[in-house]
Amino acid sequence: MEHEHCCHDHDCHDHGCGGCGGCSPAEITLTRPQAVFLARFAQTPFLPLARFLYLSSQEDELESVGLTAVHLTGGEDLEAAKATGTLLEQLAGMGLITLDYDISLSNYDYAEYETSPIFAQFRQAVAEGAGRPGFLFDTAALEKGSMALTDLGLAVLERVMELL
């Protein structure tokens, strides 16, 4: 599946700013970290994304998200990864980016995610939990995805690049 620069089927009122054309780029206020992150899209239209899942080998349908919106930039600890995830969810909430866990980047090697210290910590926590009686989540999994700009995000990025 290919990314499109659109808002998909987002409910415009859920984004606070209107997300799908309900506001102009000039009406969106970004924090400096949000603007700096958005500027990364000036170099590449799509960025890798992952989320860490708890799975059960006993119940096929049992799944839970342990850590969402993981984007590695190098040397993260768990708190830094959570902060980046919050920032990404804020940008998605404003309708500026999409977070797609069902669309991985076909030409991107997710090995850095699989071998990252934070995923190793996650796997260890799942293994410790699996040793407890009655604990069904005994498998750690990495769900590979991607993020992309929406049309509104592209317009805001153009404004951000003028200011940076």
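Residues numbered from 1 in each chain as written. Predicted model: local features only at pLDDT ≥ 70, side-chain atom pairs only at ≥ 80, totals over all residues. Heavy atoms only, no water.

A. The arrangement of the packing of aromatic side chains in detail. Summed over all chains, the structure comprises 9 aromatic pairs. Considering the side-chain rings of Tyr 54 and Phe 122, the 4.8 Å spacing of their centres and the 50° angle between planes classify their relative orientation as tilted. Here Phe 122 lies in helix α4 (residues 117–130) and Tyr 54 lies in strand β1 (residues 46–55), a separation of 68 residues in the sequence. A relative accessible area of 24% means that Tyr 54 is categorised as partly exposed. For the pair Tyr 108 and Tyr 110, a centre-to-centre distance of 5.0 Å together with 85° between the ring planes defines the contact as edge-to-face. The exposure class assigned to Tyr 108 is partly exposed, which follows from its relative accessible area of 25%. On the basis of relative accessibility, which here comes to 4%, the residue Tyr 110 falls in the buried class. Within the aromatic cluster, the residues linked to one another by ring pairs are Phe 52, Tyr 54, Phe 119, Phe 122, Phe 135 and Phe 137. One cation-aromatic arrangement involves Arg 51 over Tyr 101; the distance from NZ or CZ to the ring centre is 3.9 Å. (Phe/Tyr/Trp six-rings, centres within 6.5 Å; stacked < 30°, edge-to-face > 60°. Helix = DSSP H or I, 4+ residues; strand = E, 2+ residues; numbered from the N terminus. Buried < 20%, exposed > 50% of the residue type's maximum accessible area, 1.4 Å probe, protein only. Lys NZ or Arg CZ within 6 Å of the ring centre and 35° of its normal.)

B. Representation of the sheet that holds strand β4 (residues 139–149) in the model. Reading across the sheet, the 4 strands line up as β2-β1-β4-β3 and stay open at both edges, with antiparallel pairing between neighbours. Bordering the open sheet on either side are β2 (63–70) and β3 (97–100), each of which pairs with just one other strand. Between one strand axis and the next, the sheet turns through 25° on average, direction left out of account. Note: β1 against β2, 5 bridges, orientation antiparallel. Each bridged residue has a counterpart across the sheet, and for Phe 52 the counterpart in β2 is Leu 67. Most of the contacts of α4 go to β4, to which it runs at about 145°, and overall it touches β1, β2 and β4. (Pairing = 2+ DSSP bridges. Axes fitted to C-alpha atoms, helices over the stretch in contact; angles between N-to-C directions. Contact = heavy atoms within 4.5 Å.)

C. Structural context of the side chain of Asp 100. Take Asp 100: it is sitting in strand β3. Among buried Asp, Glu, Lys and Arg side chains, Asp 100 stands out as unpaired, with Arg 51 the closest opposite charge at 9.5 Å. A polar side-chain atom of Asp 100 sits 2.9 Å from a polar atom in the side chain of Thr 98. (Lys, Arg positive; Asp, Glu negative; His and termini not counted. Salt bridge = Lys/Arg side-chain N within 4 Å of Asp/Glu carboxyl O. Polar contact = N/O pair within 3.5 Å; in protein donor to acceptor, adjacent residues only side chain to side chain.)

D. Examining unusual backbone geometry more closely. Not every positive phi belongs to a glycine, and Ala 69 is a case in point at roughly 55°. Positionally, Ala 69 belongs in strand β2. A relative accessible area of 0% places Ala 69 in the buried class.

E. Representation of the packing of helix α1 (residues 32–39) against helix α2 (residues 78–93). Orientation of α1 relative to α2, taken along the N-to-C sense of each, is 80°, at an axis distance of 10 Å. Judged by the inter-axis angle, α1 sits roughly perpendicular to α2. Contacts between α1 and α2 pair Pro 33, Gln 34 and Phe 37 from the former with Leu 87, Leu 88, Gln 90 and Leu 91 from the latter. By residue class, the composition of the contact of α1 with α2 is 5 nonpolar, 2 polar and no charged. (Parallel < 35°, antiparallel > 145°, perpendicular 65-115°, else oblique. Nonpolar A, V, L, I, M, F, W, Y, C, P; charged D, E, K, R; others polar.)

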